[in-house]
Amino acid sequence: MGDAVEVTGLSFTYRGAERPALQGVSLSLDAGEMCYLMGRTGAGKSTLCRCLNGVIPAMQPGELVGQVRVGEDVISGRPVYETARRVGMLFQDFEAQLLASDVEREVAFGLENAGMPGEQMRERVPMLLDLMDLTHVIGRDPATLSGGEKQRLALAAVLAPRPSVLVLDEPTTDIDPRGKEELAEILAVQSDLGTTLLIAEHETGDALDAGSLAVLREGALAFDGEPEQLFADPERCRELGILPLQMPELFARLDLEARPLTPDDAVRSLQQNGWSLGEAECARAQREKEGQAGDALIEVEGVSFTYPQARGPALDDVTLTIAEGEFVVVLGENGSGKSTLARHLNGLLSPTSGSVRVAGRDTRETPVQQMAAQVGYLFQNPDHQIFAATVREEVGFGPHNLGADEAEVERRVGEALEMVELRGTEEASPFVLTKGERQRVALASVLACRPRVIVFDEPTTGLDGIQQRAMMDLLARLNAEGHTIIVITHCTWAAAEYARRAIVLDEGRLVADASVREVFGDEELLARTGQVRPDVTELSQALGGRTLLSVDELARCLRRHEGRGP
Amino acid sequence: MTMSLFRHVDSIGHRRHPVAKLLALPLLFVAPLAFNDPLWALGMLLLTFVIVLASAALPNVGRVVGLGAILLVMSTLLWALMLPEREPTWTLGPLCASPTSVMYGLAMGLRLNALLLLGVAYVSCTRPEEFTWALRRIGVPATATLALSLTFRLAPMLSGTAYTVTQAQTARGLDLRSGGLFTRIARYVPLIVPILAYAMRSADDVTRALESRGLGAASSGRTEYHEYRWDAGDTLLLVGALALAAGAIWLRASGLGEIVGRL
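Predicted, not measured: the structure shown is a model, and the values here were computed from it.

1. Some details on the overall build of chain A
Okay, so step 1: Looking only at helices and strands, chain A features 23 helices and 22 strands.
Okay, so step 2: Taken over the C-alpha trace, chain A has a radius of gyration of 25 Å; the compact-globule value for 566 residues is 24 Å, and the two agree within 12%.
Okay, so step 3: Dimensions of chain A, computed from C-alpha atoms along their principal axes, come out at roughly 70 × 65 × 50 Å.
Okay, so step 4: Here chain A holds 566 residues, and 54% of them are scored as buried.
Okay, so step 5: If you take every contact in chain A between residues at least 6 apart in sequence, the share linking residues at least 24 apart comes to 68%.

Below, the structure is given as structure tokens:
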């Protein structure tokens, strides 16, 4: 059975920080309750999570006021290893939490530390691996597992000591839609078993089934109640930095009073009130989404690639062509070969067999440095490239490498910062900017090379709902200005709404290459490749077998029959 | 991809008790170090291949062939030119060498390769956890073994980050292959800064993760998931390694396997 959690008047200011990360937060969780914690990036979610397992203040210096009580015990100020048996925590960077050389030892690590007898451990560890569907990787090095497997392993390790409270800090950040569904099932089981759960998350849909929802804004508790209360109000969601659910947003757009949260409820409500899809409107929406592609720019011909010491190929005989001006999304489960394919497009990887030609040049015969002027690549984590003392220097790095003179570099830096709306930050240190801003600095540094193609590896990861929308709008603007955009993402609403073409990979093989509408309309393909549809697409399919891809598109296609409904 | 050299297979080496392997390793180093005659050093090198095979480490040997070749060539060259008190046979300006110094350099290269192979055999059949556990069992303080554990954990993480950072900067046109020495050194700054920043963050994350999983919690001592049992094979390994070391010292003391009266 879980323990109740009582957070009372909690404030925390990191040493050296100007303002508190948490301000007077009071929150109660009943034993066995599942609570989602949301809010903008930097709102204090991770700080609150760390207060719950005692990492703050024990391992992160700062000024703490108030207290956290788990069951009858005050946690604040106790050593973390003492709290560990009662409060398990899955950190945002779960890979840093994997410490052992094989899967069984990983799960057993916490039990060994607790001094559990070997026989008991040897009973419990296989049970947990079975629960997490990890028996097939027993004996493997955790570093060799897929992203989803690593995440389930990290969770198994946290669950091993049977904590009464489980804290998860953005657990779905790097995992594919199927992985998210599996994780949701595991958490539901834990909740049923009576474990108290606090889950920090940006994905609004994930929080729908929670018993309660807490939202932080600038360190203070801005909402504490049932998720339905907040999610029914899209405007309030936006104010709090949460991406609204598509169903209530659609109904708000249609000026309807009802605020259904799921496609099923929305279908019932719309049909009862005489709404249906207009044929002419749907056809028009379909035409508007179809863009005019230019000449072939990237030609991938029979490409296979195997990493050194890998068990099998990461790419298997992939052939495709990308034309100038396209907006392409690459979909697939973790480990399906998306990033490997993308890194072939600018020559970072050379095919084991087959060829990649960019603007007619074979990537195997062209130095990667020269490819930078043709294909820009924005890595998932901006901190993997930021190094300079100022934003100006960071953004000017690429053009300098390509041989531009000082005046040209200055011009390109100005233009690139203008495009990402960071004009005025030239002299700032990129290290002090927010994650969203650092991502835009990284993008500006790619744009300054003036590439014809830009590849984005998970551009929305780690961003809050509002930042995700802003990033995707920026990509759309770049595409409208003539850049060919290729996006690797697990974010289905963004893929459906912004891209025109989808490439789907499965175990290194190309299994679909079609318009986004066709791909999201193919239920069998989506099920086979672990993808899910956005709510609007589910709704449009249920209403009239159409594949509509955004709230805006669906709102324009819905017509109300006169004389029906209240 | 993984940086680890540990092989997830079963072998005679894998089945040995961690303490037996830890104690046998320095004893096994003695025989290759004992002889500076290249023929004897070659014999010892071939002997280490038996240990490599018994540890299922042969696939890992391929990963260190380049390093072994560099050790052999550089050692032969440097010792050929630097071995003191030899009658020079060949001179070129201030540089001089003799057949003895060349042979000594060659033997030194072979000896270093034997040590390298023994190391590869050891890490191929011993997990980092077994190594640190064995250290604790022979009395090394827990704080020191914890520091070693962290190093084992951070090394592959940093290696992975270095790979990603290099790709990210190369994709922005960074050229690490052309230019003079100082130009090239300057070009490493865009790699070093993000890697160091990541290293500092990772060290914090790993420390927090270790404590959050209860490291240091057990008042009555940490237990082990895997039980290690000492058997006759472990005794045989230690006795064999001891006999090999003693035999090598005795042979060398008898004047065998020696071309120069020094180590």
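2. Quick look at the overall build of chain B
Okay, so step 1: Summing up its helical and strand segments, chain B has nine helices and two strands in all.
Okay, so step 2: For chain B, the spread of C-alpha atoms along the principal axes amounts to about 65 × 60 × 30 Å.

3. A few points about the packing of helix α6 (residues 142-170) of chain B against helix α8 (residues 189-212) of chain B
Residue and element names in this part refer to chain B.
Okay, so step 1: Close contact between α6 and α8 brings their axes to 9 Å; oriented N to C, the two are set at 145°. In this structure, α6 meets α8 at a crossing whose hand is right-handed. Contacts between α6 and α8 involve Leu150, Arg153, Leu154, Met157, Leu158, Thr161, Ala162, Val165, Thr166 and Gln169 from the former and Pro190, Leu191, Pro194, Ile195, Tyr198, Ala199, Ser202, Ala203 and Val206 from the latter.

4. Section: the nonpolar core
Residue and element names in this part refer to chain A.
Okay, so step 1: Residues Cys35, Leu37, Ala156, Val330, Ala444, Val455 and Ile486 are the most contacted members of the largest nonpolar core, which totals 187 residues.
Okay, so step 2: Broken down by element, this core gets its largest block of residues, seven residues, from helix α6 (residues 147-159).
Okay, so step 3: Cys35 has contacts with Leu29, Leu197, Leu198, Ala210, Gly211, Ser212, Leu213 and Ala214, leaving out every residue within four places of it along the chain.

5. Regarding the interface of chain B and chain A
Okay, so step 1: With 48 residues of chain B in contact, the opposing surface of chain A contributes 60 residues.
Okay, so step 2: Mapped by element, the contributors of at least two residues to the side of chain B that touches chain A are α5 (128-137), α6 and α8 of chain B.
Okay, so step 3: Counting residues per element, the side of chain B that touches chain A draws most heavily on α8 of chain B, which supplies 14 residues.
Okay, so step 4: Taken together, the residues of the side of chain B that touches chain A sort by class into 21 nonpolar, 15 polar and twelve charged.

6. Section: the sheet that holds strand β7 (residues 165-169) of chain A
Sheet strands pair via backbone hydrogen bonds, and the direction of the pair is either parallel or antiparallel.
Residues and elements named next belong to chain A.
Okay, so step 1: If you walk across this open sheet you meet the six strands as β6-β7-β8-β3-β9-β10, and the pairing is mixed. Two strands in the sheet have a free side with no partner beyond their single neighbour: β6 (87-90) and β10 (220-225). Across the sheet, the mean angle separating the axes of adjacent strands is 15° when strand polarity is ignored.
Okay, so step 2: Bridge count between strand β9 (residues 212-217) and β10: five bridges; the pairing is antiparallel. Opposite Arg217, over in β10, you have Ala220 as the bridge partner.
Okay, so step 3: Across the sheet, α6 lies against β6 and β7, angled at about 170° from β6, the strand it touches most.

7. Focus on the sheet that holds strand β1 (residues 5-14) of chain A
All names here are of chain A.
Okay, so step 1: The strand order β2-β1-β4-β5 describes an open sheet built from four strands, whose pairing is antiparallel. The strands lining the two open edges of the sheet, one partner per strand, are β2 (22-29) and β5 (73-74).
Okay, so step 2: Taken together, the five bridges between β1 and β2 define a ladder with antiparallel strand orientation. Looking at the pairing, Val7 lines up with Leu27 of β2.
Okay, so step 3: Sitting on the sheet, helix α1 (residues 45-52) is in contact with β1, β2 and β4 (62-70), with an inclination near 120° to β1.

8. Brief notes about the pairing of strand β12 (residues 296-305) of chain A
Okay, so step 1: Bridge analysis of β12 of chain A against strand β13 (residues 315-323) of chain A gives six bridges, and the strand direction is antiparallel. Looking across to β13 of chain A, one finds that Ile298 of chain A is bridged to Ile322 of chain A.

9. Some remarks on the packing of helix α3 (residues 58-82) of chain B against helix α4 (residues 99-125) of chain B
Residue and element names in this part refer to chain B.
Okay, so step 1: Closest axis-to-axis distance for the α3/α4 pair is 8 Å, and the angle between their directions is 155°. With respect to each other, α3 and α4 are oriented roughly antiparallel. Considering how the two elements wind past one another, α3 and α4 form a crossing that is right-handed.
Okay, so step 2: Residue classes in the contact of α3 with α4 are distributed as 17 nonpolar, nine polar and no charged.

10. Digging into the pairing of strand β20 (residues 501-506) of chain A
Residues and elements named next belong to chain A.
Okay, so step 1: Among the six residues that make up β20, five are buried, leaving the element largely enclosed by the rest of the structure.
Okay, so step 2: Where strand β14 (residues 327-331) meets β20, four bridges bridge the pair, whose relative direction is parallel. Bridging across to β20, Val328 finds its partner in Arg501.
Okay, so step 3: Examined bridge by bridge, β20 and strand β21 (residues 509-515) share six bridges and lie antiparallel to one another. Residue pairing for β21: Leu505 is matched across the bridge by Leu510.
Okay, so step 4: Hairpin remark: β20 followed by β21, antiparallel, with two residues in the connecting loop; positive phi at Glu507, about 50°.

11. Considering helix α1 (residues 18-34) of chain B
Three- or four-residue spacings in an α-helix give side chains the same orientation, since the helix completes a turn every 3.6 residues.
Residues and elements named next belong to chain B.
Okay, so step 1: Over its 17 residues, α1 extends 26 Å from the first C-alpha to the last, a length consistent with the 24 Å expected when each residue adds 1.5 Å.
Okay, so step 2: Its maximal kink placed at Leu25, α1 deviates by approximately 30°, while the proline Pro26 follows within four residues.
Okay, so step 3: Residues Pro18, Ala20, Lys21, Leu22, Ala24, Leu28, Ala31, Pro32 and Ala34 constitute the buried set of α1.

12. Notes on the confidence of the model for chain B
Residue and element names in this part refer to chain B.
Okay, so step 1: The pLDDT averaged across chain B works out to 87; a share of 96% of its residues lies at or above 70.
Okay, so step 2: Within chain B, the element-level pLDDT minimum falls on strand β1 (residues 90-92), averaging 76, and the maximum on helix α9 (residues 232-253), averaging 96.
Okay, so step 3: Across the predicted assembly, pTM comes out at 0.83 and ipTM at 0.77.

The rules behind each value
- Residues numbered from 1 in each chain as written.
- Chains lettered and ligands numbered in written order.
- Predicted model: local features only at pLDDT ≥ 70, side-chain atom pairs only at ≥ 80, totals over all residues.
- Helix = DSSP H or I, 4+ residues; strand = E, 2+ residues; numbered from the N terminus.
- Rg over C-alpha atoms; globule rule 2.2 N^0.38 Å.
- Buried ≥ 20, exposed ≤ 12 C-beta atoms within 10 Å, placed from the backbone.
- Contact = placed C-beta atoms within 7 Å.
- Axes fitted to C-alpha atoms, helices over the stretch in contact; angles between N-to-C directions.
- Left-handed = near helix turned anticlockwise from the far one by under 90°.
- Core = buried A, V, L, I, M, F, W, Y, C linked by C-beta atoms within 7 Å.
- Nonpolar A, V, L, I, M, F, W, Y, C, P; charged D, E, K, R; others polar.
- Pairing = 2+ DSSP bridges.
- Parallel < 35°, antiparallel > 145°, perpendicular 65-115°, else oblique.
- Expected span 1.5 Å × (residues − 1).
- Bend = angle between axes of the 7 residues up to and from the residue.
- pLDDT = per-residue confidence, 0-100.

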